[in-house]
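Take a look at the letters that make up each chain.
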Amino acid sequence: LPMAFKDVNARRHIGLQELSSLALAGRTLLGPMKSWKFILDESTNQSTLICSAVRLIESLDLTSAAGQLLNETIQAQNREFKTGMSTLLFLVGAWSNAILECLQQNVPVSAIVSVMSEGLNSCCERVQCLQISIHDVNKELCSSSVRPDTFKSETCQTRHDSLLTPPIFMYFQKDISTPEEAIPINSCSHQDDDCGFNKCLVSPLTGLGSVASLVKPASDKSASVISGSGVIASSCYKQKLTHSRYFSTLGKEHFSSQQGNFQGYLSGPAADPCRCYGLGHLAMALSHGNQPSMKLLQSVVEYQQERAECGDSPQFNVAEIVTCCLFGLPESYSCVSPGFVTLVSLEQATVIKHFEDKPLRILLMDGDLTEQYRHLGFDRPHNVRTILEHPRLQEGRAGDLWLSSMLGILISLEVNLVLVKGNACKNLMERCIANHILVIGSVSWNVLRAFGEVTSTQPVTYLTQLNASCVGNGAQVELWKACDGRAMDLGELVPVRIKVQGIPLLTAMLTTTVASKMQLIEDQFWTLVYRLHHALKDEKVFLGGGAVELLCLSHIQMLAEQSLQPANKKTVKGFHSPWLAASVTECKSIVLQALASGWKRYLSVVMCNTAKATSELEASTSVDHHLKKAADSGSPSTYILKEFRRGGLLRGDSGPVADHREGSKVYDNVAAKTEAWRRALDLVLLVLQTDAEIVTGPRRNQLLNSHGSSEFMFL
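Since the model is a prediction, treat every value here as computed from it, not as a measurement.

1. Observations regarding the packing of aromatic side chains
A complete count under the given rule lists seven aromatic pairs for this structure. Taking the centre distance of 6.2 Å and the plane angle of 70° together, the rings of F90 and Y602 count as edge-to-face. Note that F90 is positioned in helix α5 (residues 85–104) and Y602 in helix α18 (residues 578–609), a separation of 512 residues in sequence. The exposure class assigned to F90 is buried, which follows from its relative accessible area of 6%. The exposure class assigned to Y602 is buried, which follows from its relative accessible area of 10%. When the centroid spacing of 6.1 Å and the interplanar angle of 45° are considered together, the rings of Y373 and Y462 count as tilted. Separated by 89 residues along the polypeptide, Y373 in the loop between β11 (360–365) and α12 (391–412) and Y462 in the loop between α14 (445–455) and β14 (472–479) bring together distant segments of the chain. Site record: aromatic cluster; members linked through ring pairs are W95, W599 and W677. If you follow K82 out to its NZ or CZ, it ends over the ring of Y530, 4.9 Å from the centre.

2. A look at the environment of L603
Mapped onto the fold, L603 is located in helix α18. You can call L603 buried: its relative accessible area is 2%. In this structure, the C-alpha to C-alpha distance between L603 and G31, residues 572 residues apart in sequence, is 9.1 Å.

3. Some thoughts on the pattern of salt bridges
Applying the stated criterion to the full structure yields 15 salt bridges. The partner of R55 in a salt bridge is D523, with the nearest N and O atoms 2.8 Å apart. Separated by 468 residues along the polypeptide, R55 in helix α3 (residues 53–59) and D523 in helix α15 (residues 518–538) bring together distant segments of the chain. Relative accessible area serves as the criterion here: at 22%, R55 is assigned to the partly exposed category. Overlapping salt bridges bring together R55, E58 and D523 as one network.

4. Let's talk about the pairing of β11
Consecutive side chains along a regular strand alternate between the two faces of the sheet. By the criterion of burial, β11 is predominantly enclosed, with six of the six residues buried. Burial along β11 is two-sided: L360, I362 and L364 and R361, L363 and M365, pointing in opposite directions, are all buried. Note: β11 against β14, two bridges, orientation antiparallel. In the strand pairing of β14, I362 is matched with G472. Pairing analysis gives four bridges linking β11 to strand β12 (residues 417–420), with the strands arranged parallel. The residue bridging L364 from the neighbouring strand is L419, located in β12.

5. Some points on the nonpolar core
With 117 residues, the main nonpolar core has I112 and W599 as its most contacted residues. Here the element with the most residues in this core is α18; it accounts for 14 residues. Setting aside residues no more than four positions away along its own chain, W599 makes contact with L91, W95, L120, C123, E549, C552, I556 and W677. Residues L360, F451, A475 and L505 belong to the second largest nonpolar core, which totals 27 residues.

6. A few points about the packing of α5 against helix α6 (residues 109–126)
α6 packs onto α5 with a crossing angle of 140° between their chain directions and a minimal axis gap of 10 Å. The orientation of α5 relative to α6 falls into the category oblique. With respect to the hand of their crossing, α5 and α6 are arranged in right-handed fashion. Touching I99, C102 and L103 of α5 are V109, I112 and M116, all from α6. A class-by-class count of the residues in the contact of α5 with α6 yields six nonpolar, no polar and no charged.

Rules used in this analysis
- Residues numbered from 1 in each chain as written.
- Predicted model: local features only at pLDDT ≥ 70, side-chain atom pairs only at ≥ 80, totals over all residues.
- Heavy atoms only, no water.
- Phe/Tyr/Trp six-rings, centres within 6.5 Å; stacked < 30°, edge-to-face > 60°.
- Helix = DSSP H or I, 4+ residues; strand = E, 2+ residues; numbered from the N terminus.
- Buried < 20%, exposed > 50% of the residue type's maximum accessible area, 1.4 Å probe, protein only.
- Lys NZ or Arg CZ within 6 Å of the ring centre and 35° of its normal.
- Salt bridge = Lys/Arg side-chain N within 4 Å of Asp/Glu carboxyl O.
- Pairing = 2+ DSSP bridges.
- Core = buried A, V, L, I, M, F, W, Y, C linked by side-chain atoms within 4.5 Å.
- Contact = heavy atoms within 4.5 Å.
- Axes fitted to C-alpha atoms, helices over the stretch in contact; angles between N-to-C directions.
- Parallel < 35°, antiparallel > 145°, perpendicular 65-115°, else oblique.
- Left-handed = near helix turned anticlockwise from the far one by under 90°.
- Nonpolar A, V, L, I, M, F, W, Y, C, P; charged D, E, K, R; others polar.

Structure follows, in structure tokens:
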């Protein structure tokens, strides 16, 4: 090879090394069984539990250019898909290491860029055979009699208020209970009667009854009855949750109390395995073991399907879903509630007592409710100058005048409820509370749009634009209540529910008693929501459990072997020397093997994280074994598809890599996965070329690339 190439590789590529180092921190976040991390904020001494690459990167001090590029790449993936960030982060590190090894072998930068890019494109085309349409997936999942509840146990079904409780399965230990120990089914009550939704909040982990005794008065010193038993009929056994894979550091007894009564809406028709065109099953297949989020999502799916009145195609609208995080309540209180649930202060909660379920006049504001707010694009007049003789005094008088004016507008139009997209002036909110007007800020645009559609209300930017036609009617506000009928008092904040007849909004109530876990629970829920959303948008999914990566690995290794065959060496034209042609072919094989090493490390690490292998060496040996069997079969894709259906793909001593249970299937998003691959490789190649320009200078690197471009564009 020319000495100029060796000159490039003689110096270190700092950017690639930084990417490799940063990606190493997210190694344990890969796969369905992640090892969570605690992020400590030194300024506040508060810790946060994370399990996603996005939260990890946000918590790191990324001062280098490579770190900032990595952050931007992961944020772009998160904004578009909300999934695939951990895969992206890991492949960035794996391919950075692989390219550094290529540079050590004096492979030109132009060869690395061209061969890796074409190799990835070839892989994306090859794995299309592992794509399955949503229709076929739903048909397969329904016909295979696989319930969304894949855990096995004996359960009992009861009927209450025309809602049939579906059987939900977890690992339980039977313990015979007397009728006196059982909480009666009819103790469950709820104030809502919209479309029969949430007449009774049913536990999605036990599927049985209420948790009326979970909330106790402060004066009640009796022993807590929070347990895994849930609510049972007198003829049933008392069920105790013996173990769970989630947050196991808190211990077995913690989960007996926390997870046993996990609440959420699952109405009677959910017992039908083919209900909702299999969307409940599809949510399970995309959950990758996240049972709590899956149960909440299945509740959302069923409610939206009921509203769609079983149309010709599945209906799932992400814009109709919001979350409300309640810290201080057990995770058993997590549920799905119709309408919009949000947190308000104690002072605001006192206003609700004066409404008494009366229909309210509602106002929607698209912007901030402050005196200084101006809409985007507002231009102040240039020919006006204001001279204040006493600025502080004048500002105070002007502020009071504005407050009085805005409050007068609201009172004159008899507005009871104001939803503001942005921030709301605290002084104005205090005056509104005194006049029994509830103002809620930081409301998302999707919520405003939903209320606007059902109340025929047009959002306004300024209160001065308000007239009678801009105010809607029929809204109701009430304190959000748990299944036992009691309102929740979480100290400084109180959850309230705002509803209107016919509004499609659903609020996922996410609860936990561990403050550092709240962000994690919300991230996991939204990840699953968007997995289902993108699966329906793509109208197809990939086979999961490492099937796609295994086929990529097999395909790239086949291309690398073909490039070394004598017949392919003769096809390299444009070289005066046979030795140079052989060198080019050898470089191509080295780069392809480097590309394949990324997916091989991916599979090995996932197997280690899921305890299917004790070391990467053992996992790598298992992967090689499957590669050999796939090659010997004559059709790697057919072999992988057969192993996937059998549930034995990348199986270790204790089971398959994707935690397959009998009859269960795991799927991945198509666009999110392939885009994560492309973004990872594009970032690594960008940093590689930037490093090369820093080492050799842009002009010299341009000469090197022009010299290599005619020699290494051969895929």
